Amino acid sequence: MIELLAQTGLNSLYAAAYLSLVAVGLVLIFGVMGVINFAHGELFMLGAYVVVALYSGFGVPYILVAAIGLIFVGCIGILMEFTIFRPLRDSPLGGLVASIGFLLIAQALVSMGFGVRMEHVPPVTQEVIVFSEKVRLPLQRLFVILAAVMFLSLLWIFLRRTRFGWALRASAQDAEAAALQGISIRQTSLIAMFVGAGLAGIAGVLTAPLISVGPHMGHAVIVAAFIVIIVGGIGSLEGAIVASVAYAFIHTIVTTFWDGVIADITGLSLMLLVLIVRPTGLFGTTDRA
Amino acid sequence: MFVEFKAGGHTRRKFLKSASAMAGLGLMGAHLPGRAAADGHVIKIGFLAPLTGPVAAWGKPGLDGCRIWAEWINAAGGINIGGKMHPVEFIGYDNEYDPAKARTGATKLIREDGVKFIMMLGGDTWPGVQPVAERTGMLFSTLLPSDLGPDTTTLIAPAEVHPIYNVTGVEWLAENKPELKTAVMCAQDDALGLPSVATYLAAFEAAGISMQHDPLLFDPATTDFAPVVTRLISDNPDIVCLDTCYSDYVHPITEQLFQQGYGGQIISCTADFYDQMIDRTSAEFLEGFVFQFPDFDDPALNQPFINFNDPNKFFEVYNERHPGEWGAVSWEYASIMDLWKSAAEGAGSAEPGDVLAAMTGDGTGAHAFGTAEWWGEDLFGINNALVGNWPVVVIEGGKARIKEYKSIPEWYAKHGELLKKHMSAYGQMWDQR
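Counting of residues starts from 1 at the beginning of each chain's written sequence and follows it residue by residue. Throughout, the order in which chains and ligands are written sets their labels, letters from A for the former and numbers from 1 for the latter. In keeping with the predicted nature of the model, local features appear solely for residues at pLDDT of at least 70, side-chain atom pairs appear and are counted solely at 80 or more, and the whole-chain, interface and lining totals rest on all residues. Side-chain figures throughout are based on the complete set of non-hydrogen atoms in the structure, without hydrogens or water.

Could you give an account of the overall build of chain A, with specific residues and numbers?
By definition, any uninterrupted DSSP run of H or I lasting at least four residues is a helix, any uninterrupted run of E lasting at least two residues is a strand, and each is numbered from the N terminus. Looking only at helices and strands, chain A has 11 helices and 2 strands in total. Starting at the N terminus, the α and β elements of chain A follow one another as α-α-α-α-β-β-α-α-α-α-α-α-α. Computation of the radius of gyration draws on C-alpha atoms, with the globule rule given as 2.2 Å multiplied by the number of residues to the power 0.38. For a compact globule of 289 residues, the expected C-alpha radius of gyration is about 19 Å, and chain A comes in at 19 Å, within 12% of that figure. Considering only C-alpha atoms, chain A reaches an extent of 60 × 50 × 35 Å along its principal axes. Whether a residue is buried, partly exposed or exposed follows from its accessible area with a 1.4 Å probe, protein chains only, as a fraction of its type maximum: under 20%, in between, or over 50%, in that order. Every one of the 289 residues in chain A was classed for burial, and the buried ones make up 54%. For chain A, the share of sequence-separated contacts (at least 6 apart) that also reach a separation of at least 24 residues comes to 76%. Where accessible areas are quoted, they stem from the Shrake-Rupley method and a 1.4 Å probe; at the residue level, only the protein chains shown are allowed to cover. Within the structure as shown, chain A displays about 12,400 Å² of accessible surface, and the carbon and sulfur contribution to it stands at 72%. Chain A carries 13 positive and 13 negative side-chain charges, and their two centres are separated by 8 Å. For this analysis, residues touch if any pair of their heavy atoms sits within 4.5 Å. His is not counted here, nor are the chain ends, while Lys and Arg score as positive and Asp and Glu score as negative. Here the site of a charge means NZ on Lys, CZ on Arg, CG on Asp, or CD on Glu.

Describe the overall build of chain B, with residues and values.
The helix and strand inventory of chain B stands at 15 helices and 18 strands. For 433 residues, the compact-globule formula gives about 22 Å, and the C-alpha radius of gyration of chain B, at 21 Å, lands near that figure. Considering only C-alpha atoms, chain B reaches an extent of 65 × 45 × 40 Å along its principal axes. Here chain B displays about 15,000 Å² of accessible surface, and carbon together with sulfur accounts for 50% of that area. Averaging the coordinates of the 31 positive side-chain charges in chain B and doing the same for the 55 negative ones gives two points 9 Å apart.

Explain the pattern of salt bridges residue by residue, including any values.
All names here are of chain B. In the sections that follow, a salt bridge refers to a side-chain nitrogen of Lys or Arg positioned within 4 Å of a carboxyl oxygen of Asp or Glu. With the rule as written, the count across this model stands at 20 salt bridges over all chains. The residue E404 makes a salt bridge to K406 at a minimum N-O spacing of 3.3 Å. Salt bridges linked by common partners bring E171, E175, E404 and K406 together as one network.

Which residues make up the domain arrangement of chain B, and what values go with them?
Residues and elements named next belong to chain B. Segmentation into domains, and thus their bounds, comes from an automatic or database assignment. Here chain B is partitioned into domain 1 (12-162 + 303-387) and domain 2 (166-291 + 391-425). Relative placement of domain 1 and domain 2: their C-alpha centres are 29 Å apart. At the interface, 20 residues of domain 1 touch 20 residues of domain 2. By convention, the term buried area covers the 1.4 Å-probe accessible surface removed from two parts as they join, with the contributions of both added. Across the domain 1 to domain 2 interface the summed buried area is about 1,800 Å²; carbon plus sulfur atoms make up 69%. When the buried surface of domain 1 facing domain 2 is broken down by residue, W58, H162 and L379 rank first, second and third, together holding 32% of it. We note a salt bridge from D378 to K420, for which the minimum N-O separation is 3.2 Å. N or O atoms closer than or at 3.5 Å make up a polar contact, with two conditions inside protein: a donor-capable atom paired with an acceptor-capable one, and, for residues adjacent in sequence, both atoms drawn from side chains. At the junction of domain 1 with domain 2, the criterion picks out 5 residue pairs in polar contact (both at pLDDT 80 or more).

Quick one: what's the story with the side chain of H213 of chain B, residue by residue and with numbers?
Residue and element names in this part refer to chain B. Mapped onto the secondary structure, H213 falls in the loop between strand 9 (210-211) and strand 10 (216-218). What makes H213 buried here is its relative accessible area of 14%. Not counting the four nearest positions on each side in its chain, H213 is found in contact with V184, R231, L232, S234 and D235.

Would you mind going over the sheet that holds strand 5 (residues 117-120) of chain B in detail, with residue names and values included?
Across a sheet, strands are paired by hydrogen bonds formed along the backbone, either parallel or antiparallel in direction. Residues and elements named next belong to chain B. The sheet built from 5 strands is open, its strands ordered 4-1-5-6-7 with parallel pairing. Strand pairing shows two members of the sheet lacking a second neighbour, strand 4 (88-94) and strand 7 (155-156), which therefore form its edges. At least two bridges found by DSSP between two strands are what make those strands a pair. Here strand 6 (residues 140-141) runs beside strand 7; their pairing, made up of 2 bridges, is parallel. When the bridges of strand 7 are listed, F140 appears paired with L155. The axes used here are C-alpha line fits, helices contributing only the stretch in contact, and every angle between their N-to-C directions lies in the interval 0 to 180 degrees. Each of strand 1 (43-49), strand 4, strand 5 and strand 6 is contacted by helix 12 (residues 332-347), which is oriented at about 155° to strand 5, the strand it contacts most.

Would you mind going over the interface of chain B and chain A in detail, with residue names and values included?
Between chain B and chain A, the contact holds 39 residues from the first and 36 residues from the second. A buried area of about 3,000 Å², summed over both sides, lies between chain B and chain A, and 54% of it is on carbon and sulfur atoms. When residues of chain B are sorted by the area they lose upon contact with chain A, T223, Q259 and R280 of chain B head the list and together hold 22% of the total. Taking the shortest distance from any N to any O, the salt bridge between R141 of chain A and D224 of chain B comes out at 2.6 Å.

Go over the confidence of the model for chain B with me, naming the residues and quoting the values.
All names here are of chain B. Summary of the metric used: pLDDT quantifies the predictor's per-residue confidence within the range 0 to 100. Model confidence for chain B is summarised by a mean pLDDT of 87, while 91% of its residues fall at 70 or above. For the stretch residues 1-36, pLDDT sits under 50, and the model shows 53 contacts to residues farther than four places along the chain or on other chains. Scoring of the predicted complex yields 0.81 for pTM and 0.81 for ipTM.

How would you sum up helix 5 (residues 139-161) of chain A? Please name residues and give values.
A helix's residues, less one, multiplied by 1.5 Å, set its expected span. The first and last C-alpha atoms of helix 5 of chain A sit 32 Å apart over 23 residues, in line with the 33 Å expected at 1.5 Å per residue. Residues Q140, R141, V144, I145, A147, A148, F151, L152, L155 and L159 of chain A constitute the buried set of helix 5 of chain A.

Quick rundown of the nonpolar core? Include the residues and the values.
Within the largest apolar cluster, 152 residues are counted, with the highest numbers of intra-cluster contacts made by M119, F140, I253, L257, F289, W331 and W340 of chain B. With near-sequence residues (within four places) excluded, I253 of chain B lies in contact with C186, F218, F225, V229, L242 and C245 of chain B. Here, the term nonpolar core denotes a set of buried Ala, Val, Leu, Ile, Met, Phe, Trp, Tyr and Cys residues that are joined through side-chain atoms within 4.5 Å. Core analysis: the next-biggest nonpolar cluster, separate from the first, contains 83 residues, A17, L159, I222 and A248 of chain A among them.

So what about the packing of helix 10 (residues 237-257) of chain A against helix 11 (residues 260-277) of chain A? Which residues, and what values?
All names here are of chain A. Two elements in contact, helix 10 and helix 11, have axes whose closest approach is 7 Å; the angle formed by their N-to-C orientations is 150°. Relative to helix 11, helix 10 is oriented roughly antiparallel. Between helix 10 and helix 11 the crossing geometry is right-handed. On the side of helix 10, the interface is formed by Y247, I250, H251, V254 and T255, while helix 11 contributes G260, I262, A263, D264, T266, G267 and L270. Class assignment of the residues belonging to the contact of helix 10 with helix 11 gives a composition of 6 nonpolar, 5 polar and 1 charged. Note on terminology: angles under 35 degrees are roughly parallel, angles over 145 are roughly antiparallel, angles of 65 to 115 are roughly perpendicular, and the others are oblique. Note on convention: the crossing is left-handed when the near helix lies turned anticlockwise from the far helix by less than a right angle, right-handed when the turn is clockwise. Any residue outside Ala, Val, Leu, Ile, Met, Phe, Trp, Tyr, Cys, Pro, Asp, Glu, Lys and Arg is labelled polar, Gly included; the first ten of those are nonpolar and the last four are charged.

I'd like to hear about the sheet that holds strand 15 (residues 370-375) of chain B, residue by residue, with values.
Residue and element names in this part refer to chain B. Ordered in space as 14-15-16, the 3 strands form an open sheet in which the pairing is antiparallel. The strands lining the two open edges of the sheet, one partner per strand, are strand 14 (364-367) and strand 16 (385-387). Recorded for the sheet is a direction-independent mean angle of 40° between the axes of neighbouring strands. By the bridge criterion, 3 bridges tie strand 15 to strand 16 in an arrangement that is antiparallel. Paired with W375 across the bridge in strand 16 is A385.

I'd like a rundown of a nonpolar patch on the surface, residues and numbers included.
Judged by side-chain polarity, L272, L273, L275, I276 and V277 of chain A come together as a nonpolar surface patch covering roughly 520 Å² of accessible area. Its location among the elements puts I276 of chain A in helix 11. Every patch collects residues that have over 30% relative accessible area and no salt bridge, joining them within 9 Å if they carry like charges and within 5 Å if they are nonpolar side chains (Val, Leu, Ile, Met, Phe, Trp, Tyr).

An account of the packing of aromatic side chains is needed here, citing residue identities and associated values.
Within 6.5 Å between ring centres, the rings of Phe, Tyr and Trp (the latter by its six-membered ring) count as paired, and their orientation is classed by plane angle as stacked under 30 degrees, edge-to-face over 60, tilted in between. What the rule picks out here adds up to 35 aromatic pairs over all chains. Ring centres of F296 of chain B and W326 of chain B lie 5.4 Å apart, and the angle between their planes is 45°; this geometry places the pair in the tilted category. Of this pair, F296 of chain B sits in the loop between strand 13 (290-291) and helix 11 (311-321) while W326 of chain B sits in the loop between helix 11 and helix 12, and the two are 30 residues apart along the sequence. With a relative accessible area of 8%, W326 of chain B lands in the buried category. Both rings, one in F369 of chain B and one in Y405 of chain B, keep their centres 6.1 Å apart while their planes meet at 50°; by these two values the pair is tilted. Here F369 of chain B is found in the loop between strand 14 and strand 15, whereas its partner Y405 of chain B is found in strand 18 (residues 399-407), with 36 residues between them in sequence. On the basis of relative accessibility, which here comes to 16%, the residue Y405 of chain B falls in the buried class. Should the NZ of a Lys or the CZ of an Arg lie within 6 Å of a ring centre and within 35 degrees of the ring normal, that charge is described as sitting over the ring. The aromatic ring of Y14 of chain A is capped on one face by R141 of chain A, whose charged end is 4.0 Å from the ring centroid.

Right, here's the structure in full:
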């Protein structure tokens, strides 16, 4: 039983790692721009397809692919800001609907470019850290965990220690007041989209060698991410991270000891419970909620 | 969204070129008394299946296989109906595994295209199509006999009796590896997974193999299978059964089994693209993996009782055109067309009612894996499933090989009550669905 619990803990850490990256990106975009980006799961999917195209297709070194994936998907985020969210800035609902349109277009383009079948990326490494016969951690999973910690730490430093980060936080707190202080809302929106999309993209890049990559893979991730940001408090980065860890552990434990369908029900029940007991989420504020 | 093409989608020049090439290879000539030119009108066949989306792997490869089938038939002159040779043309419609789109597609294929027969994957899409079938009397086929019921009089399941044939793999394991005594199973919680769970439970019980715990069901949207696998192998089972998981699940689950150090037997309904699984694990790890769908370059398919035209050549041509895409359904829709063609030629008519009567008239049919019987009243409420032998396939040295053909009716005669018991427990009998 101890071994089963230990393996479940390692499985949970991995799930928490990639989910945190996706959820934090989603929160960042919402916090600064005030739009719910329904296509965020597709940004995760595009990151995975960068791996399919460059790593599987052309044998580009994985580390280089990771950097390209982050920048490429970040630039897609900037493109979305220019073409979708900026023209619809005064209509949050319009931005949401337009992001659904982007979602469908992204799925269709990937289907046309890569086909409809799932892609299976060759493993970057098959090395496994063996703690005991029943407790093992594949190196690729450890890489995802460490990379998530690194990117989230860098984000924290960026937001707390740089002028751009201060500008982002100021815009998230009160866009009008920030503008009066000379902060360009357009510029902060672009930065938020680049960082938020880039985080989703890097999550896709990191997990691509561990899952089946397909045009519709973003769906499961975005559902979990929405649960996480509602539980954590919409607009709260800390809340998104804490809720990601909590959700990942609960979902993984329930899947392991009961089954995956009950785990999904448990995750949704957790969200409902939080909405009833604390409608603003664990770390949310009334202003944003 | 629909895809439409004439058989092969080729130009006249390309058509003549390929026909000449085949004649040169002697592929067709040996079977035909003389090459007749098609002089009748084109017979249109509907292909209503997911061509895009998550379930496309069980639709699109079948259409690709049908394309090859049509080229071969048309190159040989076409289908002989009442002494006239008719070319055949497939009209594809992508239902995206959506019942509403399937219904629209069926209506379009019948009304606008004038098809004589419609092939489907079935499953979740059949309820959308059933009212159209009842209204028009159109003949439909499904790969999933769980669509059958007493009222589905124009629906046939002539290629595979999913999931009943899965019993043959378990039976083979019990006979050849009697030391395996315990099993665990996981499956996606959907219309494909649950009847298969019931079937495997019956097969394991019949074989004297005990389940360590209840089947572990997971949401079809699952992407991380580490927790599922951790649970599966926590009590050191002799056998891990992957049920009828989609290939998108079989791959990551198998990889997790490898990474979490499992060293026992694996059995699965399918192992599509198993070469990629080997790349992600190892040939040693997959040695002995049991499943149910052969590669058609298998020498065991060249036996006289096989009713499929030149399976090895079909596999070769398929892989030339669609490298790495051979899957469980690549040959199945084409094999249904063999049955349909034979029945239409026998009836002297392509009309749905005439073909169905000719196909099922004597209670037997020429299934791809040998002569089979129209069966199913016990389980499906109607004898519209063609059942006979089914191959047990094992990966050996990195290559799938048929180990034995086993009889489904013989298993059912001995253990049918067990199957009904488990089907009932999972609500999968025709009167429960």
